[in-house]
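Each chain, letter by letter, is given below.
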Amino acid sequence: IHFYKRLLPTMKSCTNLIRYSLLLFIFISCMAALVVLGLDLDLLLNGPDYLSKVITNIVNRFHQGEIVNEEQLKDVLLDARQSLWVHIPMVMVVVLSIMLLLLNCLGCAGACLLSYSLLSGFTMFMFVSFVLYACLALWIFANNMEDSVMDSFVTEKISQYSQSEGIFNMVIDTVQRDLQCCGFKSSADWAGSFPASCCLEVEEECQMKNVYTSSCLEMIRSHLLQPDSMVGLVGVTFLLVVAVVGVTTALSFCLCLTARSHRGKKWSLNNNNESVAGPNLELSQPRFLMN
């Protein structure tokens, strides 16, 4: 008993540490969800003016040069916003962001109240999210992007590059300028008709003698976890998101176990009180029988 009394303050300190750590990670998740929700709603309601300015400033300042043209990005986002295949995912992002905020409120309430029911529901949601993120990370980093579906998709977009100016054209140009590469697997993917992003300096047109020798697939593999490029920055950010989701799941699970033990102690205490009070109960006759 004395050992348990000495251990009790330490257990309370550990519980508070887990609780405040969980609240910190929930706060980070809420801030990220609010930023994504705000940018998505601004793009849906007000157009791509603000979002294109934000993306252009971030990318160009990171490279200390013009990698993305703001007017071109604005036109691409404006055309993409009018497409049904882009409009539906944007609406889904809004719905998912709101759901994430509501579930984070659920987890916050469970952590503050030490509620087993709320924490168990939040833990199940975070565990499912962590499994999905972990599977996606394994597919990206362990598979080395060797996938026939991706190969055919990128090859199709490269073949359609000169036919239209869409968001995929801008992604191709940004990646090639960012990593100084040409073609997905080799420069031969362009069949001799190279875009301006395949060459370092273009005066009239990009020719074979001026193109980058490295393939983009090779450069993406080597820079995927190096934050010296936009591709590497995206890869590191994605791993940080997976780590935050994993830590949040672990903290929520530990706090859920603590809440369950506290609930078990309350039930046992109530049962003991009822068993102690039981023998002292006396049966009394109803008043109409006493009369």
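Residues numbered from 1 in each chain as written. Predicted model: local features only at pLDDT ≥ 70, side-chain atom pairs only at ≥ 80, totals over all residues. Heavy atoms only, no water.

Caption draft 1: Representation of the state of the cysteines in the model. If you walk through the whole model with that rule in mind, you get three disulfides. In this model Cys-199 forms its disulfide with Cys-206; the gap between the sulfur atoms is 1.8 Å. Here the disulfide of Cys-199 and Cys-206 is right-handed, its torsion about the S-S bond being about 75°. Each member of the pair, Cys-199 as well as Cys-206, is classed as buried. Of all cysteine sulfurs, the one in Cys-112 lies closest to Cys-108, which takes part in no disulfide; the gap is 4.2 Å. Relative accessible area serves as the criterion here: at 30%, Cys-108 is assigned to the partly exposed category. Its sulfur unpaired, Cys-254 is 9.9 Å from the next cysteine sulfur, which belongs to Cys-256. The partly exposed category is assigned to Cys-254, whose relative accessible area is 35%. (Disulfide = S-S within 2.5 Å. Buried < 20%, exposed > 50% of the residue type's maximum accessible area, 1.4 Å probe, protein only.)

Caption draft 2: A look at the nonpolar core. Of all hydrophobic cores here, the largest spans 29 residues; its most connected members are Leu-22, Val-68, Leu-119 and Leu-255. Those elements that place two or more of their residues in this core are helix H1 (2–46), helix H2 (49–63), helix H3 (70–81), helix H4 (84–113), helix H5 (116–141) and helix H9 (230–277). Ranked by residue count, the leading element in this core is H1, at seven residues. If near-sequence neighbours (up to four positions away) are discounted, Leu-119 is found in contact with Leu-22, Gly-107, Gly-110, Ala-111, Ser-252, Leu-255, Cys-256 and Ala-259. In this structure, Cys-182, Phe-194, Cys-199 and Leu-217 belong to the second largest nonpolar core, which totals 15 residues. (Core = buried A, V, L, I, M, F, W, Y, C linked by side-chain atoms within 4.5 Å. Helix = DSSP H or I, 4+ residues; strand = E, 2+ residues; numbered from the N terminus. Contact = heavy atoms within 4.5 Å.)

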